[in-house]
Amino acid sequence: IKIYRIVTDQYSKSTIVPLWWKTPKYFFYQMQPKYIDKYFNGIICLSTYLIDKFLKSKLNSHKLILIPNFINPDSSSDGYIHEMKVDKIRLGYSGAMIEKNGIIDLLEAMRLVLQTNTKFELFLIGDLTHASKNILIKLQQVEMEFPNKIIRTGYLKTENVSIALKSCEILINPRQAGIFAEAGF
């Protein structure tokens, strides 16, 4: 039996330990790469940031596997070729529609862009089922101010996400800068 661990992000202490009695959890989280992970057959990391972190903890590089968590647009071999349009520029976002991912900032930025350049449109790929009330209100405001400039796909199957991403001129990751974003992407 081979045992692998998947590491998706690096969390701050405030995320792991919102309450004082969770301090042992944070201690374990900090010690795991140095003392426990060396016994696994491999560590699967979702970013080069995490690979570098494990290399610093003296883990053998042959045990580290990088599998990026973004959908690879080249993974679809459907022969789709995107033609740039002169009259519009499609900005694309794919992912969870949650505040932590910067969706409110993205919508506000889109609103500001559209005030000076109506060639742009925002293509939102993802499910809005778990979106907060704040996100839904902001989305509705921008859609009312600039009709037909935001296209929502809702949930798409993986193979369709790749095709949808290829329909965009620019892909956006609006997550705010920080270790959480850098480690996860």
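The model shown is predicted, which means the values in this text are computed figures rather than measured ones.

Caption draft 1: View of the overall build of the protein. Within the protein, the secondary structure is distributed over seven helices and seven strands. Put simply, the protein runs from its N terminus to its C terminus through helices and strands in the order β-α-α-β-α-β-β-α-β-α-β-α-β-α. Looking at the protein residue by residue over its 185 residues, the buried ones come to 37%. For the protein, contacts bridging at least 24 residues in sequence account for 72% of all contacts bridging at least 6. For the protein, the exposed area adds up to about 11800 Å²; of that, 58% sits on carbon and sulfur atoms.

Caption draft 2: Geometry of helix 5 (residues 133–145). Between its terminal C-alpha atoms helix 5 stretches 18 Å, which fits the 18 Å expected from 13 residues at 1.5 Å a residue. Within helix 5, burial applies to Ile-135, Lys-138, Leu-139 and Val-142. An end-on view of helix 5 places all buried positions within 100° of arc, on one side of the element. Helix 5 presents Lys-133 and Met-144 as exposed residues on the side facing more than 90 degrees away from its buried surface. If you follow the buried residues of helix 5, they end up packed against helix 4 (103–116), strand 5 (120–125) and strand 6 (150–154).

Caption draft 3: Fine view of the sheet that holds strand 7 (residues 170–171). Spatially, the four strands line up as an open sheet ordered 6-5-4-7, and their pairing is parallel. Every other strand in the sheet has two partners, leaving strand 6 and strand 7 as the edge strands with one partner each. The sheet strands contacting helix 5 are strand 5 and strand 6, and the helix crosses strand 6 at an angle near 135°. Across the face of the sheet, helix 6 (residues 158–166) comes into contact with strand 4 (89–94), strand 5 and strand 7 while running at roughly 170° to strand 5.

Caption draft 4: Seen up close, the packing of aromatic side chains. Summed over all chains, the structure comprises zero aromatic pairs. One residue, Arg-90, lies across the ring of Phe-123, its end atom 4.1 Å from the ring centre.

Caption draft 5: Highlighting the side chain of Arg-111. Mapped onto the elements of the fold, Arg-111 is located in helix 4. Sequence-distant contacts of Arg-111, that is, excluding residues within four places in its chain, are made with Val-142, Glu-145 and Phe-146.

Caption draft 6: Representation of the environment of Ser-132. Examined against the element boundaries, Ser-132 turns out to sit in the loop between strand 5 and helix 5. Sequence separation between Ser-132 and Ile-98 is 34 residues, and the spatial gap between their C-alpha atoms is 6.8 Å.

Caption draft 7: Just a nonpolar patch on the surface, in detail. A cluster of nonpolar side chains, Tyr-4, Ile-65 and Ile-67, forms an exposed patch at the surface whose accessible area comes to about 250 Å². In this fold, Ile-65 is placed in strand 3 (residues 64–66). Judged by relative accessible area, which is 32%, Ile-65 ranks as partly exposed.

Caption draft 8: The sheet that holds strand 3, seen in detail. The strand order across the open sheet built from three strands is 1-2-3, with neighbouring strands paired in parallel fashion. Edge strands, defined here as strands with exactly one partner in the open sheet, are strand 1 (4–7) and strand 3. Recorded for the sheet is a direction-independent mean angle of 25° between the axes of neighbouring strands. Relative to strand 3, strand 2 (residues 42–45) runs parallel, the two sharing three bridges.

Analysis parameters
- Residues numbered from 1 in each chain as written.
- Predicted model: local features only at pLDDT ≥ 70, side-chain atom pairs only at ≥ 80, totals over all residues.
- Heavy atoms only, no water.
- Helix = DSSP H or I, 4+ residues; strand = E, 2+ residues; numbered from the N terminus.
- Buried < 20%, exposed > 50% of the residue type's maximum accessible area, 1.4 Å probe, protein only.
- Contact = heavy atoms within 4.5 Å.
- Areas by Shrake-Rupley, 256 points an atom, 1.4 Å probe, with all protein chains shown as cover.
- Expected span 1.5 Å × (residues − 1).
- Arc of directions from axis to C-beta.
- Pairing = 2+ DSSP bridges.
- Axes fitted to C-alpha atoms, helices over the stretch in contact; angles between N-to-C directions.
- Phe/Tyr/Trp six-rings, centres within 6.5 Å; stacked < 30°, edge-to-face > 60°.
- Lys NZ or Arg CZ within 6 Å of the ring centre and 35° of its normal.
- Patch = residues over 30% accessible without salt bridge, like charges linked within 9 Å, V, L, I, M, F, W, Y side chains within 5 Å.
- Salt bridge = Lys/Arg side-chain N within 4 Å of Asp/Glu carboxyl O.

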